[in-house]
Amino acid sequence: MGELPWIWIVCSIPLVMGSYFDFIVDNDEIFEKCPDRPEAMGIHDIVDLSEFIIEFKEGYVSGRGQMTMHWKGVEATDRVYGYSELFKFQRGTWQPTTVLVHEFNFCKRQFDATTIWYNVWSRHIRREDQKCINNYEHVYHYEPFDVETVSYFPTNMEGLHKIVIHLDAYDKFNVRRANAEGYGELFKFQRGTWQPTTFFVRVFNFCERQFDNNSIWYDIWTRHIREEDRKCINHYGHVYHYQPFDVETVNDFPTNMEGRHKIVIHLDAYDKQNVKRRNAAVCFQISGEFIKVK
């Protein structure tokens, strides 16, 4: 049946210069089946890559050929939910980072030029082949293409990382397929309403990561709290004293960010039995507009 494909990519990211990092993949096939989910399908269970050629060159990866989808148990009318997580190898184990991207209807966005995967993957599929991955035995023919492996990151990305990709299939009744498995959120204001984007950050234990200098909030918030005040936000009556600081509002983004956006931040508290506390949920948002400056 349409069991969830779990896919992971392991890579080392050494510092190149400043805030540019080179993404060096450990496995020449790029994708590996998730070792901690032996019951789930991997990339080779849902797509035939035997006629797709990958070549590694300094600073970029080249691709050409074709691939055939064969995700069994899934129909072309299904909604595909996908999300990917970035992990970092620290202290002998894989630790989740704050980077998580999700897409509630992947088929609608698969060939969207504003997505983070478009430039590295779907833009290179020939126009006549642009159907969703849930089309069994559909063939994607690729124009020869190159993908740069050096990218700009606003935080330190040195070290061994892996990206885990999850896919879920839901039938026309919005019921998840049998054996098919699949928080700040960023929204964009479009056509008179707030639309979810692919940017989603989740942290399972915020207290452990609140002052982590690899987190996306460290440079803009927690690094400026005095050392003696560094306790978690769950300390009632605790005072944070700040050193005077500035935060730049101009940033480099890999996709077009023009327009009105809002960031919605959710916080939940769990007791020592891991039960969510009642009446303790917090939700707040920051809204504004991105303007292209260069």
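What counts and what doesn't
Residues numbered from 1 in each chain as written. Predicted model: local features only at pLDDT ≥ 70, side-chain atom pairs only at ≥ 80, totals over all residues. Heavy atoms only, no water. Helix = DSSP H or I, 4+ residues; strand = E, 2+ residues; numbered from the N terminus. Buried < 20%, exposed > 50% of the residue type's maximum accessible area, 1.4 Å probe, protein only. Contact = heavy atoms within 4.5 Å. Polar contact = N/O pair within 3.5 Å; in protein donor to acceptor, adjacent residues only side chain to side chain. Pairing = 2+ DSSP bridges. Disulfide = S-S within 2.5 Å.

### Focus: the environment of E55
With respect to the secondary-structure elements, E55 resides in strand β7 (residues 52-57). By relative accessible area, E55 is classed as partly exposed at 31%. For E55, the contacting residues outside a window of four places in its chain are Y60, V61, S62 and R64. A distance of 3.4 Å separates a polar atom in the side chain of E55 from a polar atom in the side chain of R64.

### Some remarks on the pairing of strand β9 (residues 79-90)
Consecutive side chains along a regular strand alternate between the two faces of the sheet. When you tally the buried positions in β9, you get nine out of twelve residues, the bulk of the element. Both β9 and strand β13 (residues 159-170) contribute to a ladder of ten bridges, which runs antiparallel. Note that in β13 the partner of K88 across the bridge is H161. Examined bridge by bridge, β9 and strand β10 (residues 93-103) share eight bridges and lie antiparallel to one another. From the neighbouring strand, S84 faces β10, where its bridge partner is V101. In sequence, β9 turns back onto β10 through a hairpin of two residues, with R91 there showing a positive phi of about 55°.

### Re the state of the cysteines
Per the stated rule, a full pass over the model turns up two disulfides. Put simply, C107 and C132 are joined by a disulfide, and their sulfur atoms are 2.0 Å apart. Every disulfide takes its handedness from the sign of the S-S torsion; for C107 and C132 that torsion is -65°, giving left-handed. In this pair, C107 is assigned in helix α2 (residues 106-109) and C132 in the loop between α2 and β11 (139-148), connecting sequence segments 25 residues apart. Residue classification places C107 among the partly exposed positions, given a relative accessible area of 23%. Covalently, C207 is tied to C232 through a disulfide, its sulfur atoms 2.0 Å apart. Handedness of the C207-C232 disulfide follows from its S-S torsion of about -65°: it is left-handed. Of this pair, C207 sits in helix α3 (residues 206-209) while C232 sits in the loop between α3 and β16 (259-267), placing them 25 residues apart in sequence. Using a relative accessible area of 34% as the deciding quantity, one classes C207 as partly exposed. Residue classification places C232 among the buried positions, given a relative accessible area of 9%.

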